[in-house]
Amino acid sequence: MKINKTCNSILIFLAAVAAVSGESFTVFTGTSTGSNSWFDETLWEGVTGYPNDVSDAVTMNNADTKAVIDNGAITIGSLIVAQTATNVELEISTSQALTVDTSVVIGEEAGSSGKIVANADSVFTINGNFTTGGSGSAVLQVIGATAVVHGEFSIGPFAVVELSDSAVIVAKGDQLEAFRN
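Residues numbered from 1 in each chain as written. Predicted model: local features only at pLDDT ≥ 70, side-chain atom pairs only at ≥ 80, totals over all residues. Heavy atoms only, no water.

Asks: So what exactly am I meant to see when it comes to the overall build of the chain here?
Replies: The number of helices and strands found in the chain is 1 helix and 15 strands. A total of 181 residues make up the chain; the buried ones form 44% of that total. Of the contacts made within the chain by residues no fewer than 6 positions apart, 55% connect residues no fewer than 24 positions apart. Of the roughly 8500 Å² of accessible surface on the chain, a fraction of 52% belongs to carbon and sulfur atoms. (Helix = DSSP H or I, 4+ residues; strand = E, 2+ residues; numbered from the N terminus. Buried < 20%, exposed > 50% of the residue type's maximum accessible area, 1.4 Å probe, protein only. Contact = heavy atoms within 4.5 Å. Areas by Shrake-Rupley, 256 points an atom, 1.4 Å probe, with all protein chains shown as cover.)

The following block contains the structure:
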């Protein structure tokens with residue numbers, strides 16, 4: 001009897017873990033100021049947990065929102081910062097890491113505005129394509145950090161790429177070999 005209860009508890013736990021992986025995370029309710037930790041499960045509306053699986057798709061599209069990766073390394077499947085919304089920001093804190101398996105887009109549609117900030121000693125890796133300023137406006141700010149793009153790195157007409165404090169961006173696609181400040 002005790003074994004059955006233990007097995008049932010394990011199955012319930014595994015089901016909860018499985019429910020989190022491969023989800024679509026579309027509503028982050030943090031404000032544009034404050035800590036707004038990516039790891040705060042209460043800020044991800046409509047799902048259990050926070051995105052941290054290679055099959056998770058994240059679309060940050062709430063206006064005046066900022067999420068901060070402040071407590072470890074994150075790996076997700078895809079990322080859109082500002083699909084249609086304005087003033088959407090993702091910050092990778094000092095010495096933290098974000099890896100995105102397929103693609104990253106900042107400022108996807110006209111009228112949107114998004115920003116990704118990679119702070120000192122952080123690493124931002126995109127294993128697929130990276131588009132800044134699809135049709136909207138976009139800022140990629142790399143401050144003493146490293147950003148690596150394994151696919152195409154497209155800089156749109158309304159995009160700004162800022163490098164400071166020995167920051168490096170290495171793009172392995174056809175459009176850009178490498179540049180540093």
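More follows now that the structure is in view.
Asks: Teacher, can you tell me more about the pairing of strand β2 (residues 57–60) here?
Replies: Within a regular strand, side chains alternate between the sheet's two faces. Direction of pairing for strand β1 (residues 24–25) relative to β2: parallel, over a ladder of 2 bridges. Paired with Ser24 across the bridge in β2 is Ala57. Pairing geometry for β2 and strand β4 (residues 73–81), over 4 bridges, is parallel. Opposite Val58, over in β4, you have Leu79 as the bridge partner. (Pairing = 2+ DSSP bridges.)

Asks: What am I meant to see in the pattern of salt bridges here?
Replies: A side chain with one charge may pair with a side chain of the opposite charge, provided their charged atoms come close. Considering all chains together, one arrives at 1 salt bridge under this definition. Among the ionic pairs, Glu91 bridges to Lys66, the shortest N-O distance being 2.9 Å. Remark: Lys66 occurs in strand β3 (residues 65–69) and Glu91 occurs in strand β5 (residues 88–92); sequence separation between them is 25 residues. Here the two residues Glu91 and Lys66 agree in accessibility, since each one is buried. (Salt bridge = Lys/Arg side-chain N within 4 Å of Asp/Glu carboxyl O.)

Asks: Any chance you could explain the sheet that holds β5 here in plain terms?
Replies: Two pairing modes exist for strands in a sheet, parallel and antiparallel, and in both the strands are linked by backbone hydrogen bonds. With parallel pairing, 5 strands are arranged side by side in an open sheet as β3-β5-β7-β10-β13. Of all the strands in the sheet, the pair left with one neighbour each is β3 and β13 (159–164). Averaged over all pairs of adjacent strands, the angle between their axes in this sheet comes to 10 degrees, without regard to strand direction. Summarising the sheet, strand β10 (residues 137–143) and β13 pair through 6 bridges and their orientation is parallel. Each residue of the ladder has a partner; that of Gln141, found in β13, is Glu162. (Axes fitted to C-alpha atoms, helices over the stretch in contact; angles between N-to-C directions.)

Asks: Even after reading the chapter, I still don't get the nonpolar core, so can you show me in this structure?
Replies: Residues Trp38, Leu79, Leu90, Leu98, Ile116, Phe124 and Phe130 are the most contacted members of the largest nonpolar core, which totals 41 residues. With near-sequence residues (within four places) excluded, Phe124 lies in contact with Ile92, Leu98, Val100, Val104, Ile116, Phe130, Leu140, Thr146, Ala147 and Val148. (Core = buried A, V, L, I, M, F, W, Y, C linked by side-chain atoms within 4.5 Å.)

Asks: Hey, could you run me through unusual backbone geometry in this one?
Replies: A negative phi angle is the norm for most residues apart from glycine, just as the trans form is the norm for most peptide bonds. Of note in the backbone geometry, Ala82 takes a positive phi value of approximately 75 degrees without being a glycine. With respect to the element layout, Ala82 can be found in the loop between β4 and β5. The backbone of Asp121 sits at a positive phi, close to 65 degrees, despite the residue not being glycine. We classify Asp121 as exposed; its relative accessible area is 56%.

Asks: Would you take a moment to explain the side chain of Glu23 for this structure?
Replies: Residue placement: Glu23 occurs in the loop between α1 (2–20) and β1. Residue contacts for Glu23: discarding those within four places in its chain leaves Val47, Thr48, Ser55, Asp56 and Ala57.

Asks: What is the right way to read the pairing of strand β6 (residues 97–106) from this model?
Replies: Of the strand pairs in this sheet, β4 and β6 are connected by 8 bridges, and their pairing is parallel. In the strand pairing of β6, Leu79 is matched with Val104. Note that β6 and strand β9 (residues 129–132) share 4 bridges and pair parallel. Each residue of the ladder has a partner; that of Val105, found in β9, is Thr131.

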